[in-house]
Amino acid sequence: NAGVTQTPKFRVLKTGQSMTLLCAQDMNHEYMYWYRQDPGMGLRLIHYSVGEGTTAKGEVPDGYNVSRLKKQNFLLGLESAAPSQTSVYFCATREYKSPNQPQHFGDGTRLSIL
Amino acid sequence: DQQVKQNSPSLSVQEGRISILNCDYTNSMFDYFLWYKKYPAEGPTFLISISSIKDKNEDGRFTVFLNKSAKHLSLHIVPSQPGDSAVYFCAASAVNSGYSTLTFGKGTMLLVSP
């Protein structure tokens, strides 16, 4: 998916460790989103941002923090990883111009917490 | 409570036939609906959308129908091709309420056999 890059692609953590997932976009989109996808659960919104310096909680924000210091980057942090946070994490972006613009997704980060 | 429901976890269709994927929603504030397609190890990609002021939108082999009174939408793929085999997510947004977020269903896995 050109334009939205997620780093890393895979990671294994131990319970209690911390890490940061990076989402970088080169499309100059205002809105950015973090989702998690679990088997049989679809995509659930963790946090999102409607512009540089702003963040908001989504459906499942507990255990995560985010920052949007630069327009092109949206960071998702796990301060103390738990096995329940084992998931595939997707970042998405959307243009501000029209509310009907679709979201564009990265290829995901697969995170396993032991 | 699930606001967007895709009650069929999977669907199998023969090549050349029609595929019909269904989606129901409960939130009457939703006024914009999208379908995303997802291949394994990739992020979801936007397929087609429809506004609540329409009841049909067509793009090549893909047509989305919206029945507002029944709070139901469906995606028709005609003719189905093996390359259409993927997971399809229905998503909804309350655009005119100023919300910037999407609510996703759990997805339907489509398998198109030759």
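Scroll up for the structure.
Residues numbered from 1 in each chain as written. Chains lettered and ligands numbered in written order. Predicted model: local features only at pLDDT ≥ 70, side-chain atom pairs only at ≥ 80, totals over all residues. Heavy atoms only, no water.

1. What to know about the packing of aromatic side chains
So, point 1. Taken as a whole and judged by the stated rule, the model has 12 aromatic pairs over all chains.
So, point 2. On the basis of an interplanar angle of 80° and a centroid distance of 6.2 Å, the ring pair of A:Phe105 and B:Phe104 is categorised as edge-to-face. Placement of the pair is A:Phe105 in strand E10 (residues 104-105) and B:Phe104 in strand E10 (residues 103-104), with the two residues belonging to separate chains. In this structure, A:Phe105 and B:Phe104 share a single accessibility class: buried.
So, point 3. Consider the rings of B:Tyr25 and B:Phe33, whose centres lie 4.6 Å apart with planes at 40°: the pair is tilted. The pair B:Tyr25 / B:Phe33 is uniform in exposure class, with both members buried.
So, point 4. Among the aromatic residues, those joined into a ring-pair cluster are A:Tyr33, A:Tyr35, A:Tyr48, A:Phe105, B:Tyr36, B:Phe46, B:Phe89 and B:Phe104. (Phe/Tyr/Trp six-rings, centres within 6.5 Å; stacked < 30°, edge-to-face > 60°. Helix = DSSP H or I, 4+ residues; strand = E, 2+ residues; numbered from the N terminus. Buried < 20%, exposed > 50% of the residue type's maximum accessible area, 1.4 Å probe, protein only.)

2. Brief notes about the state of the cysteines
So, point 1. Under the definition given, this model contains 2 disulfides over all chains.
So, point 2. There is a disulfide in this structure between A:Cys23 and A:Cys91, and the S-S distance comes to 1.9 Å. On the sign convention where negative is left-handed, the bridge of A:Cys23 and A:Cys91, at about -75° about the S-S bond, is left-handed. A residue pair is termed long-range when its members are at least 10 positions apart, and A:Cys23 in strand E3 (residues 19-25) and A:Cys91 in strand E9 (residues 87-94) qualify at 68 residues.
So, point 3. Across a sulfur-sulfur distance of 2.1 Å, B:Cys23 and B:Cys90 are joined as a disulfide pair. On the S-S bond that ties B:Cys23 to B:Cys90, the torsion sits near -75°, and the link is left-handed. On the criterion of sequence distance, the pair formed by B:Cys23 in strand E3 (residues 19-25) and B:Cys90 in strand E9 (residues 86-93) is long-range, its members being 67 residues apart. (Disulfide = S-S within 2.5 Å.)

3. Examining the side chain of B:Lys37
Residue and element names in this part refer to chain B.
So, point 1. Mapped onto the fold, Lys 37 is located in strand E4 (residues 32-38).
So, point 2. Relative accessible area serves as the criterion here: at 11%, Lys 37 is assigned to the buried category.
So, point 3. Here the side chain of Lys 37 touches Tyr 39 through a polar contact of 2.9 Å, side chain to side chain.
So, point 4. If sequence neighbours within four positions are ignored, Lys 37 has contacts with Gly 43, Pro 44, Thr 45, Gly 83, Asp 84, Ala 86, Val 87 and Tyr 88. (Polar contact = N/O pair within 3.5 Å; in protein donor to acceptor, adjacent residues only side chain to side chain. Contact = heavy atoms within 4.5 Å.)

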